[in-house]
Every structure is written in structure tokens, then in C-alpha cells.
Amino acid sequence: MQQDTLLTASQQLTASPQITANESSDAETVIIDTGCANLSSVRFAFERLGAKVLVTDDKAKIKAAKRVVLPGVGTAGVAMASLHEKGLVELIQGLTQPMLGVCLGMQMLAAISKERGGKGQDCECLGIIPTDICELDTQLLKAEGLPLPHMGWNQLKLTTNSQGANSPNVHPLFAGIEDGSYVYFVHSYRAPLSEFTLAECTYGEGFSAAIGKGNFMGVQFHPEKSAAVGAQILRNFLQMDELQMNKALMKKALQSSSADGQAGANKADQ
């Protein structure tokens, strides 16, 4: 059964989740009801910023949203099974508006996850960002006396794909975020560092704290639990729409192409 919940910043937490179709049309940000996520904390974080948010698994409403959030907690296998059961996999893969995966939601954007959940094979994910999800290196953690899962505050390092908060190339998700800012993590699996890394973190090893490709982006940490820094990241996301995202990505591509051309010219002059 499809369930929709629309709440605004002015409403009390005890408000009735029952809404009408007309009311739901006011929400520009949709959180996908995966059926296996703690939706309340993510929803309330957006509401604190004054956003109208709809929590739903209705395909038409997801497709029509200005921006979409994919949350997730638990295991990749259970979460992907839920998306398949709700018939949302192909829909998500075809979205063109800005989409943000949070924690497990970020991992589901990858090709596969090694988090088998007791099954004999890897979990096939959405395949949107070509990277694989593996467990944090337990040997490195043991050698450094670090527990698993990685739980608590840790620092972000914005990568060359983000260029730093003061760069014109900064990814829109990290606008105004300083290198070295602290955010809150709870996870045992991670995406490796790659060309799709927007921000990295170190816990025994370096890993992707955020990844992105086109209109899809994901964060391994919990922005809803990351105080002012997390609020700024969510605020940045709320300012995105499909047109702005396309302009930002085109500008970044042109700047990258220009930088590559200059590097080639410098090499030819040597």
C-alpha cells in the first residue's frame, strides 16, 4: 500500500499523516518510502529548513518531484528487495532531477554491494554510479585499534572533483562547506575512492564520504545528524533543480576540458 506523508516546518510532530492529493502537490522534495529506513529523522531535518516534504512510494509523485531523496538503513539486500517489490528500481534509474542518496541510500546507487546479508552472492544495486561497496578493511582497523562499525564524528576532505568551498568548481552539494568539516557517520561498508568521489574521509583507510555522477549524488554520513554542516548540505540540496544542476555540471565539464587542454599545451611546450 502506498503511503504519503506531507509535513511542513510549521506543523507539529504529532500532526496527522493523512493528506489530500491537492496538499501533496505543494511538496517539491520527495523522500522515497523504501519501507526499510528511518524516514522521520531525514524528514524532520528538511522541515527544520522550512521545506515541504512528501514521503511516498507513489511512482507518479516521485517522477514529478523537483528533487528526490533516497534514504536507507539496514542491509543492502533488504533495501534493494524492497525497491524491487515496490517496482521502483527502473524509475529511480531513469530520474533526471537532482537525487540524493543518504547512507545506505548512497550505497544503493553503486553497481554491487558485498554486504550479502547471509546470502551466497553479492547484492546487485541500482548501478547508477560505477563503483562497488565493500566492508571497511577490518585488518587495518584492528591494527589501529579502531572498532567496527565506524560510528561518530569524522572529517571531510573535499576532493579535486569538488575543488574546495572557495573554488568556482565546487559541487553544488558542498557549497559553503569548509575542507575538514566534521560530519556524523554510522556504517561498516563503504565506497572506495574513485573518480566519482566528491568528498573523502579516513577511518583506517581512505573511503568516499560522498560520491556523484550527473544528477545523482550520495553521502555516506548522516547530514540530518551532522549539526550546522549537515544542515548546510541539505540546504544546498534544496536549492537544486534540474536546470540549475545541468548548468552547474556543464560549467564544471567546460572548466575541466579547459584545464585538460591547458595541461596538454603545457606538455607540448616542454
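About the thresholds
- Residue numbering note: each chain is counted from 1, following its sequence as written.
- pLDDT decides what is reported in this predicted model: residues at 70 or higher carry local features, side-chain atom pairs at 80 or more are listed and counted, and totals for whole chains, interfaces and linings draw on all residues regardless.
- The basis for every side-chain value is the complete set of heavy atoms in the structure, and neither hydrogens nor water enter the calculation.
- In this scheme Phe, Tyr and Trp rings, the latter by its six-membered ring, pair at centre separations within 6.5 Å, and the angle between planes marks the pair as stacked below 30 degrees, edge-to-face above 60, and tilted otherwise.
- In this description a helix means any DSSP run of H or I spanning at least four residues, a strand means any run of E spanning at least two, and both kinds are numbered starting from the N terminus.
- Throughout, exposure labels follow a simple rule: accessible area from a 1.4 Å probe, protein chains only, divided by the maximum for the residue type, with under 20% read as buried, over 50% as exposed, and the rest as partly exposed.
- UniProt positions are given in the numbering used here, feature names are shortened, and annotations may be inferred rather than shown by experiment.
- Here a residue-residue contact requires only that any non-hydrogen atoms of the pair lie within 4.5 Å.

## Some thoughts on the packing of aromatic side chains
Right, on to step 1. One pass over the structure, following the stated rule, counts 4 aromatic pairs.
Right, on to step 2. Aromatic pair F46 and F237: ring centres 6.4 Å apart, planes at 55°, arrangement tilted. In this pair, F46 sits in helix α2 (residues 39-48) while F237 sits in helix α8 (residues 227-238), placing the two residues 191 residues apart along the sequence. Each member of the pair F46 and F237 is classed as buried.

## Points about the UniProt feature "active site" (unreviewed entry) in the protein
Right, on to step 1. Annotation from UniProt places "active site" (unreviewed entry) at C103, H222 and E224. Look at the named residues: they lie 122 residues apart in sequence, but the longest C-alpha span between them is just 10.7 Å, so in the fold they bunch up.
Right, on to step 2. Judged by relative accessible area, which is 8%, C103 ranks as buried.
Right, on to step 3. With respect to the secondary-structure elements, E224 resides in the loop between β15 (216-219) and α8.
Right, on to step 4. With residues up to four places along the chain from it excluded, the contact list for E224 reads S41, V42, A45, R48 and V102.

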